[in-house]
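Chain by chain, the residues run as shown.
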Amino acid sequence: MKSKMIAKLICDVLMTAALLLLMAYEMVGQAAHEWIGIGMFLLFLGHHILNIQWCKHICKGKYTAFRVFQTLIAALLLLCMIGLAYSGVILSHHVFSALPIQGGRSLARTLHMLCSYWCFALMSIHLGLHWTVIMGIVSKGRKKSGGRTILLRVIATVIAVYGVYAFFTRQVGIYMLLRSHFVFFNYEEPLILFLIDYVAIMGFFVFIGHYLSKILKWMGRKRKKA
């Protein structure tokens, strides 16, 4: 495996881990949340540097249905990250507390919550769009097995189904639509149980992204043959 590909994989794994920990805001503590957030933003920049060729060709070539959707997700993710960085600095009680920032905290809190949950969903869908490539890298050099493929699909389906359940029980949709301006945490709940539910919710969105990519690519091939 090429060193650049390894760097991309490591960057994506770290971003995924950081994203999950950031969703557990009150459970990891304010200071840790802020430092993890900074790390997440730096990893986000690193991800784009490692994929600079994609960025350079964004205005070139033909746009298929898949490419339009992929670019839209990337653009929305960028907006969410900008919103998170801006609101995060305003809300900071530790890392940026020395900055002479006054006012705007109420709006920043709402923006931070909105961008956080949409960033979580969009980043998971983005991961799903590239899931086939990721699995190809991870399983490179291994012999293909029909049984193993079926087993992995069953596991993925189970995770996605549980993810739907966790999505509603954790009220993620309510936060995404700003029907509540405060996130409620059960402080007696072990962090690992919280993370398991959010891994499942992420799996649900990855599942959506993965099969949407298959549908969009199929549509592109069908249109090309017509």
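The written sequence of each chain sets the order in which its residues are numbered from 1. Only residues with pLDDT of at least 70 get local features here, since the model is predicted, and only at 80 or more are side-chain atom pairs given and counted; chain-wide, interface and lining totals rely on the full set of residues. Computation of side-chain values: all heavy atoms of the structure, hydrogens and water removed.

Student: Where do I start with the side chain of Ser180 in this structure?
Tutor: Tracing the sequence through the fold places Ser180 in the loop between helix 9 (172–176) and helix 10 (191–225). Contact criterion: two residues are considered in contact whenever any of their non-hydrogen atoms come within 4.5 Å of each other. Once residues within four sequence positions are removed from consideration, Ser180 is found in contact with Met113, Ile174 and Tyr175. Put simply, DSSP marks the helices as runs of H or I at least four residues long and the strands as runs of E at least two long, and each gets a number from the N terminus on.

Student: Looking at this structure, I do not really get the nonpolar core. What am I missing?
Tutor: Among soluble globular proteins, nonpolar side chains are generally buried collectively. Residues belong to a common nonpolar core when they are buried Ala, Val, Leu, Ile, Met, Phe, Trp, Tyr or Cys residues joined through side-chain atoms within 4.5 Å. Burial classes: relative accessible area under 20% of the type maximum marks a residue as buried, over 50% as exposed, and values in between as partly exposed (1.4 Å probe, protein chains only). Among the nonpolar cores identified, the biggest contains 44 residues, and Met40, Tyr117, Phe120, Tyr198 and Ile201 are the most heavily contacted of them. Going through the elements one at a time, helix 1 (3–23), helix 3 (30–50), helix 5 (65–91), helix 6 (105–129), helix 8 (146–169), helix 9 and helix 10 are the ones with two or more residues in this core. Of all the elements, helix 6 adds the most residues to this core, at eleven residues. In contact with Ile201, not counting residues within four places along its chain, are Phe120, Gly163, Ala166, Phe167, Arg170 and Val172.

Student: Looking at this structure, I do not really get the state of the cysteines. What am I missing?
Tutor: What makes a disulfide is a covalent bond joining the sulfur atoms belonging to two cysteines. Working definition: a disulfide is two cysteine sulfur atoms within 2.5 Å of each other. This structure, assessed with the given rule, holds zero disulfides. With no disulfide of its own, Cys11 lies 12 Å from the sulfur of Cys55, the closest cysteine sulfur. You can call Cys11 buried: its relative accessible area is 7%. There is no disulfide at Cys115, and the cysteine sulfur nearest it, in Cys80, is 4.8 Å away.

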